[in-house]
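Below are the chains, spelled out letter by letter.
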Amino acid sequence: MARRITAPAADPAAPAPLPTREQILAFVAESKERVGKREIAKAFGITGAAKIDLKRVLKEIEAEGAIDRGRGGLAPAGHLPPVVLADIRARDRHGDFLAVPVEWTGSGKPPAIVLSQPRGPRKGNRPAAGIGDRALIRVERDAEGGYTGRVVKVIGKNKAEVIGVYRAGAQGGRIVPVEKRSQGREILIPPGEEGEARDGDLVSVSLERETRFGLPRGRVKERLGSLGSEKAVSLIALHLHNIPHVFSDATLAEADAAEPAALKGREDWRDRPLLTIDPPDAKDHDDAVMAEADPDPANPGGFILTVAIADVAAYVRAGSSLDREALERGNSVYFPDRVVPMLPERISNDLCSLREGEDRPALAVRMVIAADGEKRRHGFHRVMMRSRAKLAYAQAQAAIDGQTDAATGPLLDTALRPLWAAYAALREARDRRGPLALDLPERKVLLSPDGAVDRVVVPERLDAHRLIEEFMIQANVAAAETLEQARQPLIYRVHDEPALEKVRALGEVLASVGIKLPKEGALRPALFNRILAQAAETEHGVFLNEVILRSQAQAVYAAENLGHFGLNLRRYAHFTSPIRRYADLIVHRALITACRLGADGLAPDIAAGELAQIGEQISAAERRAMAAERETIDRLIAHHLADQIGATFAGRIAGVTRAGLFIKLDGTGADGFVPISQLGADYFRHEEGRHALVGERTGQTFRLGDPVEVRLVEAAPVAGALRFELLSEGRTRSGARKPDPGQKPGARPFKAAAPGRPAGIRNAGTRHRGSRR
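Residues numbered from 1 in each chain as written. Predicted model: local features only at pLDDT ≥ 70, side-chain atom pairs only at ≥ 80, totals over all residues. Heavy atoms only, no water.

Undergrad: Give a detailed account of the overall build of the protein, specifying residues and quantitative values.
TA: The number of helices and strands found in the protein is 15 helices and 33 strands. Residues counted as buried form 51% of the 773 residues belonging to the protein. Taking the intrachain contacts of the protein between residues at least 6 apart in sequence as the baseline, contacts between residues at least 24 apart amount to 67%. Looking at the protein as shown, the accessible area adds up to about 36,200 Å², and 50% of this sits on carbon and sulfur atoms. (Helix = DSSP H or I, 4+ residues; strand = E, 2+ residues; numbered from the N terminus. Buried < 20%, exposed > 50% of the residue type's maximum accessible area, 1.4 Å probe, protein only. Contact = heavy atoms within 4.5 Å. Areas by Shrake-Rupley, 256 points an atom, 1.4 Å probe, with all protein chains shown as cover.)

Undergrad: If you had to explain helix α6 (residues 321–329) to someone new, which residues and values would you point to?
TA: Among the nine residues in α6, eight count as buried, and that is most of the element. What α6 keeps buried is the set S321, L322, D323, E325, A326, L327, E328 and R329. Backbone geometry just after α6 places G330 at a positive phi near 80 degrees.

Undergrad: Tell me about the environment of L500, and please be specific about residues and values.
TA: Secondary-structure assignment places L500 in helix α11 (residues 500–512). C-alpha of L500 to C-alpha of S551: the two residues are 51 residues apart in sequence and 9.6 Å apart in space.

Undergrad: Pulling in residues and values, what's your account of the pattern of salt bridges?
TA: The final tally for this structure, using the stated rule, is 38 salt bridges. When salt bridges with common partners are traced through the structure, they connect R266, D311, R317, R382 and D600 into a single cluster. (Salt bridge = Lys/Arg side-chain N within 4 Å of Asp/Glu carboxyl O.)

Undergrad: Tell me about the side chain of S234, residues and numbers included.
TA: Along the polypeptide, S234 turns up in helix α4 (residues 234–240). The class of S234 is buried, set by a relative accessible area of 0%. Side chain to side chain, S234 and D337 meet in a polar contact 3.0 Å long. Looking at S234, its side chain comes within polar contact range of the side chain of R338, at 2.8 Å. Setting aside residues no more than four positions away along its own chain, S234 makes contact with F335, D337, R338 and T632. (Polar contact = N/O pair within 3.5 Å; in protein donor to acceptor, adjacent residues only side chain to side chain.)

Undergrad: Residues and numbers for the side chain of R703, please.
TA: Turning to its location among the elements, R703 is positioned in strand β31 (residues 701–703). Buried within the structure, R703 lacks any salt-bridge partner; its nearest side chain of opposite charge belongs to D706, at an N-O separation of 4.0 Å. Those residues within four positions of R703 in sequence are excluded, and the remaining contacts are V513, H540, F543, I653, V656, R690, H691, A692 and R731. (Lys, Arg positive; Asp, Glu negative; His and termini not counted.)

Undergrad: I'd like a description of the confidence of the model for the protein, backed by residues and values.
TA: Model confidence for the protein is summarised by a mean pLDDT of 84, while 85% of its residues fall at 70 or above. Taken as a whole, residues 1–10 scores under 50 in pLDDT and shows 15 contacts with residues more than four places along the chain or in a different chain. Across residues 119–127, where pLDDT falls below 50, the model places nine contacts with residues more than four positions away in sequence or in other chains. (pLDDT = per-residue confidence, 0-100.)

Undergrad: Give a description of helix α8 (residues 393–400) that names residues and reports values.
TA: Residues Y393, A396, Q397 and A399 constitute the buried set of α8. Taken down its axis, α8 places every buried residue within 160 degrees of arc, on the same side. Buried-residue contacts for α8 involve β14 (276–278), β21 (390–392), α9 (412–433) and α10 (463–485). Two residues or fewer past α8, G402 is found with a positive phi of approximately 105 degrees. (Arc of directions from axis to C-beta.)

Undergrad: An account of the packing of aromatic side chains is needed here, citing residue identities and associated values.
TA: Tallied over the entire structure, the rule returns five aromatic pairs. Ring centres of F27 and F44 lie 5.9 Å apart, and the angle between their planes is 70 degrees; on these two criteria the pair is classed as edge-to-face. Here F27, found in helix α1 (residues 21–30), pairs with F44, found in helix α2 (residues 37–44); they are 17 residues apart in sequence, far enough to count as distant. Classification of F27 as buried rests on a relative accessible area of 8%. Judged by its relative accessible area of 3%, F44 is buried. The residue whose ring lies beneath R272 is W269, and the NZ or CZ to ring-centre distance is 4.0 Å. Cation over ring: R703 sits above F543, and NZ or CZ is 4.0 Å from the ring centre. (Phe/Tyr/Trp six-rings, centres within 6.5 Å; stacked < 30°, edge-to-face > 60°. Lys NZ or Arg CZ within 6 Å of the ring centre and 35° of its normal.)

Undergrad: Tell me about the pairing of strand β4 (residues 97–101), and name the residues and values.
TA: The element β4 is largely enclosed, with a buried count of four among its five residues. In this structure, β4 lies alongside strand β5 (residues 113–115), joined through two bridges in antiparallel fashion. Bridge pairing in β5 links A99 to I113. (Pairing = 2+ DSSP bridges.)

Undergrad: Can you explain the sheet that holds strand β10 (residues 187–189)? Please cite residues and give values.
TA: Within a sheet, neighbouring strands are paired by backbone hydrogen bonds and run either parallel or antiparallel to one another. Reading across from one edge, β10-β9-β8-β11-β12 is the order of the five strands in this open sheet, with antiparallel pairing throughout. Looking at strand neighbours, the two that pair on one side only are β10 and β12 (218–226), the edges of this open sheet. Looking at each pair of strands side by side, their axes are set apart by 40 degrees on average, direction ignored. Bridge count for strand β9 (residues 173–177) against β10 is three bridges, and the pairing is antiparallel. Across the sheet, the residue bridging to R174 is L188, located in β10. (Axes fitted to C-alpha atoms, helices over the stretch in contact; angles between N-to-C directions.)

Undergrad: Could you give me a rundown of the packing of α6 against helix α15 (residues 608–641), with the residues and numbers involved?
TA: Viewed as axis vectors pointing N to C, α6 and α15 meet at an angle of 60 degrees, and their least axial separation amounts to 7 Å. What the angle tells us is that α6 and α15 run oblique. Touching L327, E328 and R329 of α6 are I614, Q617, I618, A621 and R624, all from α15. Among the residues forming the contact of α6 with α15, the class breakdown is four nonpolar, one polar and three charged. (Parallel < 35°, antiparallel > 145°, perpendicular 65-115°, else oblique. Nonpolar A, V, L, I, M, F, W, Y, C, P; charged D, E, K, R; others polar.)

Undergrad: Please provide a residue-by-residue account of the packing of helix α14 (residues 582–594) against α15, values included.
TA: The N-to-C vectors of α14 and α15 enclose an angle of 155 degrees; their axes lie 10 Å apart at closest approach. Taken as axis vectors, α14 and α15 run roughly antiparallel relative to one another. The residues of α15 that touch α14, namely those facing Y582, A583 and I586, are L611, I614 and I618. Tallied by class, residues from the contact of α14 with α15 come to six nonpolar, no polar and no charged.

Undergrad: Account for the nonpolar core, with residues named and values stated.
TA: Most often, soluble globular proteins have nonpolar side chains that are buried together. Core analysis: the largest hydrophobic core is formed by 88 residues, its most contacted members being I347, L419, F471 and F575. Not counting the four nearest positions on each side in its chain, I347 is found in contact with A255, A258, Y315, V316, L322, C352 and S353. V453, V656, F702 and F724 belong to the second largest nonpolar core, which has 51 residues in total. (Core = buried A, V, L, I, M, F, W, Y, C linked by side-chain atoms within 4.5 Å.)

Undergrad: Break down a positive patch on the surface for me, with residues and values.
TA: A contiguous patch of positive charge, built from K37, R38, K51, K55 and K59, is present on the exposed surface. At the level of secondary structure, the elements contributing two or more residues to the positive patch comprise α2 and α3 (50–63). For the positive patch, the element with the highest residue contribution is α3, accounting for three residues. Within the secondary structure, K55 is located in helix α3. (Patch = residues over 30% accessible without salt bridge, like charges linked within 9 Å, V, L, I, M, F, W, Y side chains within 5 Å. Charge placed at Lys NZ, Arg CZ, Asp CG, Glu CD.)

Undergrad: Any details on the pairing of strand β23 (residues 453–457)? Residues and values, ideally.
TA: Inspection of the sheet shows strand β22 (residues 444–447) paired to β23 by four bridges, in the antiparallel sense. Residue pairing across strands places L447 opposite V453, the latter belonging to β23. Connecting β22 to the antiparallel partner β23 that follows it, the hairpin turn spans five residues, and G451 within it adopts a positive phi of roughly 95 degrees.

Undergrad: Tell me about the sheet that holds strand β16 (residues 303–310), and please be specific about residues and values.
TA: Pairing is mixed in the open sheet, where five strands are placed in the order β13-β20-β19-β16-β15. Across the chains shown, the open sheet's two edge strands, defined by having one partner strand only, are β13 (267–268) and β15 (287–293). Note that β16 and strand β19 (residues 359–369) share eight bridges and pair antiparallel. By the bridge assignment for β19, I304 is matched with V368.

Here is the structure:
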């Protein structure tokens, strides 16, 4: 405990003498609580008029530079006060949060505060802080002169800090904020407050108090990187969403020191015809497959299907620096110009990548499938394998379609045809199961060598994609079943059924287009599939796909099993991508423990509360990644369209709000906005249940999913924002519309591949494995 400095004993009737300068400095330095004039007066027994003299003494000491005054009270010069307001910025190499004080009057950079993490489940009254939060922190000096701290109260997200692009000027500069909601309101940077920023740099800015007139003022806190080309646009998303993208030295050292796994303790499967089927530009290969006819006469026409997954648990041990940083990242993040991996390349692209012709450790599941596609039994094995071939989706599909090449020719009869035969059986079982069959566009942004947008394509959906996706689903189900049977705690991938209020709202929308939603009976994906099939060949097809999608719950990771509504499965766990998803690594460790496959499994005493907390953390990381990927695509396309102001485009209404309409362009998938004030002279009412804006006088209606024609009015590349002018008329009172508009001459469309039957929107580099189901 800190030594309490008090005044010398004196006559109780006499006024207490003022403490000396040295006594005040000692008291301020050693106090673990907030120190101000009131605390000093109380400690030294100063009352009445003597407090005025104390105030004078404190001002003199402060003027000398011996103490600093901040929101946390008084502190020795160059030191933090006992309680400080700070922003949580990052994690250190040990996985602890690092905070930086909001105010710092000392010389040099403000000191970092290492936040101690409470052990065990979080109590209800204990604040849960995270990166990006502003918090009140109680700090202490450690033995090495640094600072440790404990969060007292989370104040909220740091609203006083803005990420933007610096534009240099003759008298200081200006900041163009990158968030859409801040567009149109630049920030003035006075001369001398620009720090190390250069024109075009991405920077973080600390805002000063705004005045009633003029632009808000700020100062550059940190230069985050140069945005000299479109290829660096993903930097914005990385910093805006606080996505870790630089591995610590400790993590890199662990990865570099890792040695290839040995055969000892594993089954030798190196002679089995396992092969990988991936996108042509894939750098890591975490799954391999093979199928063969089941020789068991009790299973006529059946198959033995094997899915082997990279054994990441052999290299990433629980509690290691690699493990802590993988948990913080949660998953890999995919941008058109880069991939931010969950694990260093030494692990993801080398030791754990199932490379052709090289020995690699794997955790494999061997499933016996009946002729009707139903799984009879399965078992997990820890093996050493050697991939027979590395194939691309289109390459494997071409071989099945009769166009073999040097790689696929020798594999056609021995490997590829058995795979397709097993898939045919599984497809029958899938059709009987009836998962949710939404038909949504999947677009992929392709960049030119200089980082500019070349084109947006809709990749063709092949049976090769569906085959691998179905094999991975079966392996994930097998993992969940095995762990449940062993009563082994795990993290499930859960997708709850739609909430009641969303189902009611959906019923209102369906009624508006003449489709009745049954009021009774169990809610199943088949119900939605019947609606989609009914509307597929009508003008409502796109509209209902969007509305049904919006009625669904979001899939998350959880320690409690709620089933997977979309896949129509009772239990489901992610097992097949441990290189790029932390949830899969947890499941691998759980399987190693449950099946007694080694000593590097999940700790036997791990609490369900700890797994639940991990599930929440990685679910948040997944949402963060999805938002970052989506916003980066928006910025890239807005940058590309910036020189096409005035061009007209065909699109569809993708969102309806009381403020206006969101439009998604055909071909590019670019999103933009039409303000309600530009829809015409009528007064438009937002009918939320119908997802529509309806004119009070004319009855003219603009509804979600309607095809429209728009003119590009404004593009803000930094924010990824587009503003359109609507050229199409709305529906009449009878519901009729004019024929779908086409693109007008003069507008420059993107080159697009032929549409297929995609399963969701992802970015370039994303593995087509239903990764976010």
